[in-house]
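Survey of secondary and tertiary structure
Listed below are the residues making up each chain.
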Amino acid sequence: MEAKTMTKAKFLDQPSERITGCEAIVRSLIAEGVDILYGYPGGAIMPVYDELYKYRNEIHHVLTRHEQGAAHAAQGFARISGRVGVAMATSGPGATNLITGIADAQIDSTPLVCITGQVPSHLLGSDAFQETDIVGISTPVTKWNHQVTKASEIPEVLAKAFYIAKSGRPGPVLIDITKDAQFGELDFKYEKCTGVRSYIPVPKINSESVKAAAELINAAKKPMIVWGQGVILGEAETELKAVIEKAGIPAAWTIMGASALPTSHPLNIGMVGMHGNYAPNKLTNECDVLIAIGMRFDDRVTGDLNTYAKQAKVVHFEIDPAEINKNVFADVAVLGNSKDSLAQLLPLLNKNSHDSWHQKFKDLYAIEFEKVIKNDLHPTKEGLTMGEVLNEINLQSKGNAAIVSDVGQHQMIACRYSEFNKTKSNITSGGLGTMGFALPAAIGAKMAAPDREVVAIIGDGGYQMNIQELGTIFQQKVPVKIVVLNNEFLGMVRQWQQLFFDKRYASTEMTNPNFVAIAEGYYIKAKKVVKREELADAVKEMITSKESYFLEVCVEKEDNVFPMIPSGASVSDVRLS
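In this text the structure is predicted, and so the values were computed from the model without any measurement.

A count of helical and extended segments in the protein gives 24 helices and 20 strands. Here the protein has a C-alpha radius of gyration of 24 Å; the compact-globule value for 577 residues is 25 Å, and the two agree. Structurally, the protein occupies a C-alpha span of about 70 × 60 × 45 Å along its principal axes. Split into buried and exposed, the 577 residues of the protein put 59% on the buried side. In the protein, 77% of the contacts between residues at least 6 apart in sequence involve partners at least 24 apart. The centroid of the 58 positive side-chain charges in the protein is displaced by 4 Å from the centroid of its 66 negative side-chain charges.

Let us now look at the pairing of strand S2 (residues 36–39). The alternating pattern of S2 places Ile36 and Tyr38 and Leu37 and Gly39 on opposite faces, both of which are buried. Pairing of S2 with strand S3 (residues 60–63), which is carried by 4 bridges, proceeds in the parallel orientation. Within S3, the position partnered with Gly39 by the bridge is Leu63. On the question of chirality, the crossover connecting S2 to the parallel S3 by way of helix H3 (residues 46–54) is right-handed. Strand direction decides the pairing type here: S2 and strand S4 (residues 85–89), joined by 2 bridges, are parallel. Across the sheet, Gly39 pairs through a bridge with Met88, a residue of S4.

With that settled, consider the nonpolar core. With 96 residues, the main nonpolar core has Trp227, Leu345 and Val553 as its most contacted residues. Considering each element in turn, this core owes the most residues, 6 residues, to helix H16 (residues 355–377). Per-domain counts for this core show at least three residues from each of domain 2 (207–361) and domain 3 (378–554). Excluding residues that lie within four positions of it along the chain, Trp227 makes contacts with Leu240, Ala251, Ala252, Trp253, Thr254, Gly257, Ala260, Leu261, Asn268, Ile293 and Met295.

Our focus in this paragraph is the packing of aromatic side chains. Counted under the stated rule, the structure contains 11 aromatic pairs. Relative to Phe369, the ring of Tyr365 lies with its centre 6.2 Å away and its plane at 40 degrees, an arrangement referred to as tilted. Taken together, the residues Tyr365 and Phe369, both in helix H16 and 4 residues apart, mark about one turn of the helix. The exposure class of Tyr365 is partly exposed, given its relative accessible area of 41%. Measuring from centroid to centroid gives 5.1 Å for Phe474 and Tyr523, while their planes differ by 35 degrees, and the two rings are tilted. With Phe474 in helix H21 (residues 470–476) and Tyr523 in the loop between helix H23 (515–521) and strand S19 (525–529), this residue pair connects regions lying 49 residues apart in the sequence. You can call Tyr523 exposed: its relative accessible area is 66%. By the ring-pair criterion, three or more aromatic residues cluster together here, those being Tyr463, Phe515 and Phe550. Here the guanidinium or amino end of Arg56 rests over the ring plane of Tyr53, the centre of that ring lying 4.0 Å away. Above the face of the Phe489 ring, Arg494 is positioned so that its terminal group lies 5.7 Å from the ring centre.

Attention now goes to the pattern of salt bridges. One pass over the structure, following the stated rule, counts 25 salt bridges. Notably, a salt bridge pairs Glu51 with Lys54, separated by 3.1 Å at the nearest N-O pair. Taken together, the positions of Glu51 and Lys54, both in helix H3 and 3 residues apart, correspond to about one turn of that helix. Classification of Glu51 by relative accessible area gives buried; the value is 6%. For Arg532, the salt bridge goes to Glu388, with nearest N and O atoms at 2.8 Å. Taken together, the residues span a long stretch of sequence, with Arg532 in helix H24 (residues 532–544) and Glu388 in helix H17 (residues 386–397) at a distance of 144 residues.

Next up on the list: the sheet that holds strand S5 (residues 112–118). Hydrogen bonds between backbone atoms are what pair the strands of a sheet, whose relative direction is either parallel or antiparallel. In spatial order, the strands read S3-S2-S4-S5-S7-S6; together these 6 strands make up an open sheet with parallel pairing. With partners counted over all chains shown, the strands left at the sheet margins are S3 and strand S6 (144–148), one partner each. Recorded for the sheet is a direction-independent mean angle of 20 degrees between the axes of neighbouring strands. Here helix H4 (residues 67–81) sits on the sheet and contacts S2, S4 and S5; the angle it forms with S4, its principal contact strand, is near 170 degrees.

Within the secondary structure, His146 sits in strand S6. Distance in space between the C-alpha atoms of His146 and Ile175 is 5.1 Å, their sequence separation being 29 residues. Not counting residues up to four positions away in its chain, the partners in contact with His146 are Val135, Val157, Leu174, Ile175 and Asp176.

On domain assignment, one finds that the protein holds domain 1 (2–188), domain 2 (207–361) and domain 3 (378–554). Computed over C-alpha atoms only, the centres of domain 2 and domain 3 are separated by 30 Å. With 16 residues of domain 2 at the interface, the matching set in domain 3 holds 19 residues. Summing both partners gives a buried area of about 1400 Å² for domain 2 against domain 3, and 58% of it is carried by carbon and sulfur. When the area that domain 2 buries against domain 3 is broken down by residue, the three leading residues are Ile255, Ser259 and His275, summing to 40%. Linking domain 2 with domain 3 are 0 salt bridges. There are 7 residue pairs in polar contact (both at pLDDT 80 or more) connecting domain 2 and domain 3.

Time to look at empty space enclosed by the protein. Tallied over the entire structure, the rule returns 3 cavities of 30 Å³ or more. By volume, the largest cavity amounts to about 120 Å³. Lining the largest cavity we find 13 residues, and of these Met386, Ile413, Asp559, Asn560 and Val561 sit closest to its centre. The set of elements that each furnish at least two residues to the lining of the largest cavity consists of H17 and helix H18 (409–417). Partitioned by chemical class, the residues of the lining of the largest cavity number 5 nonpolar, 5 polar and 3 charged. The calculated volume of the second largest cavity comes to roughly 40 Å³. Lining the second largest cavity are Ile217, Asn218, Pro223, Ala247, Ile249, Asn350, Asn352 and His354.

Thresholds applied
All residue numbers refer to positions counted from 1 along the written sequence of the respective chain. Since the coordinates come from a predicted model, pLDDT governs what is reported: local features require at least 70, and pairs of side-chain atoms require 80 or more to be given and counted, while whole-chain, interface and lining totals use all residues. For side-chain calculations, the full set of non-hydrogen atoms in the structure is used, while hydrogens and water are omitted. Each helix is a run of DSSP H or I of at least 4 residues and each strand a run of E of at least 2, with the numbering of both proceeding from the N terminus. Taken over C-alpha atoms, the radius of gyration is set against a globule rule of 2.2 Å times the number of residues to the power 0.38. Using a 1.4 Å probe on the protein chains alone, a residue whose accessible area is under 20% of its type maximum counts as buried, one over 50% counts as exposed, and one in between counts as partly exposed. Contacts between residues were defined by any pair of non-hydrogen atoms, one from each residue, lying within 4.5 Å. When charges are counted, neither His nor the chain ends are considered; positive counts come from Lys and Arg and negative counts from Asp and Glu. The atom standing in for a charge is NZ when the residue is Lys, CZ when it is Arg, CG when it is Asp and CD when it is Glu. A pair of strands is treated as paired once DSSP finds two or more bridges between them. By convention a crossover is right-handed if, when the strands point away from the viewer, the path from the first strand over the helix to the second runs clockwise. Take the buried residues of types Ala, Val, Leu, Ile, Met, Phe, Trp, Tyr and Cys, join any two whose side-chain atoms come within 4.5 Å, and each joined set is a nonpolar core. How far each domain reaches was decided by an automatic or database domain assignment. Any two rings among Phe, Tyr and Trp, with Trp reduced to its six-membered ring, count as a pair given centres within 6.5 Å; such a pair is stacked if its planes are under 30 degrees apart, edge-to-face if over 60, and tilted if neither. Only lysine NZ and arginine CZ atoms are considered, and such an atom sits over a ring when it is within 6 Å of the ring centre and within 35 degrees of the ring normal. Throughout this description, the term salt bridge denotes a Lys or Arg side-chain nitrogen within 4 Å of a carboxyl oxygen of Asp or Glu. All axes are obtained by fitting lines to C-alpha atoms, using only the stretch in contact for helices, and the reported angles, taken between N-to-C directions, cover 0 to 180 degrees. Two parts lose some accessible area (1.4 Å probe) when they are put together, and adding that loss for both gives the buried area. Each polar contact in these results corresponds to two N or O atoms within 3.5 Å; when the atoms are within protein, one needs to be able to donate a hydrogen and the other to accept it, and residues that are neighboring in sequence are counted only if both atoms are side-chain atoms. Put simply, the grid is 1 Å and covers the protein atoms alone, a cavity is a trapped set of points that fit a 1.4 Å probe, a pocket is an open set with protein on both sides within 12 Å along at least five of seven lines, and lining residues have an atom within 4 Å of a point. Grid points are joined across faces, edges and corners, and a volume is the space filled by probe spheres set on the points. In this classification, the charged set is Asp, Glu, Lys and Arg, the nonpolar set is Ala, Val, Leu, Ile, Met, Phe, Trp, Tyr, Cys and Pro, and all remaining amino acids, among them Gly, are polar.

This is the structure:
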């Protein structure tokens, strides 16, 4: 680590030096503190890989088995560490294979810098071999993108890329670099970017807006907080906890905000949204002041906007002005970083408890426990449930694991029932809902936080979308734990088919391979559980393993996830069965 620090400092402080563009790319990454890079080589990016070979003691390149895997691994790295994740690919199909991960990062506000190679500049627009207009393709799903055609542009453009990716509301940036720019020479001097003209990443907080927010909250009889990932991205966990505890406000979370407040906190009332908890969904339409913190009123949270919290005054704490009044009108909008906004709010709040209001949440939780939770976590039927698997993982990990979930029924179960003691512990694909996310994202998360237990929770459908990344786990010796909850269905689609399409299970039943044999083929220890009495020992063996471990658990084929708000319905119409 000392060598990396010295190299990074040298590249930031040295006088200019004549080098090639591809070396400038690598030196720029080192100057930005990049020590892990996910990617896949190819012709148009080969000069950069040649330089990476020379700097392999400074940057560890992880060869994923697919470029999509590289993007998701970089996402997992960024989400658990708070740093910028970096992915690299060649031109054409290499670049386009990154797009799903980039789009996922854009909607989930994940800071990425993706570097793609491109054909020589004199061939641009000629349909050259493996030429694709990746700048045009990626424009709708990046925070910023840019094509470099001259070596001299490289240091400034990359510095700007890292600044834009991480500042304000984070997001992905793509830099496309032609092959002649990589071979060209420049006088290299690296300076970090500290600002971009006309770009204001963090709006200045209006103290009058904070005061108006405090007045509404202090006057409220039935206030309710819904927080999102903006709390985690803004590092405002301490401030959120202080606000909640001082004002005595029940607080719910979106799936992207999970883990900002410990699951066990008495004022943590659970998850909102389509498969969220009964009480916070139902009482959204009874609260008199709704305080939204770092969340964007996604349709999966609000349901029918025409009936969403119409009785309430809405206070919206948000860093991105574009989110204000986009879906839900805010009576008071407080723009700024959530950490600073909540710090200014705290001294203006009255001490309160709202005991009778809290009792309503407890009463509704008791109903949900009897009708749903008890059966999920402690079933009496013969078949295993996804909930009891998560419950066993909680027990064995003591709530300290980072849970990386894919997309589907298992994702909702993982978000609902995982116990989180630490922030940045729930890593999932939120806005885009990308199947195939979890396995590579877990690799990135574990490499970014090697001291943390990282458990990937995946369905049998999503697992097979990026199953090839088992090769990355094997080659890199990443001790990630993989749990496939196998119900031999595309479970969430099947649930909708059961409830809304008269049980016409069109193209959702899976005929699966021998998952254990596949894992063992990659030299990963593997086990399959089919009976309840086998579960505890298998989970314990997995959690205590010092190496990667694959666990397949065969669960009930036609179990459904409840509560559920039907698509387009009001949050008040949340169903328990």
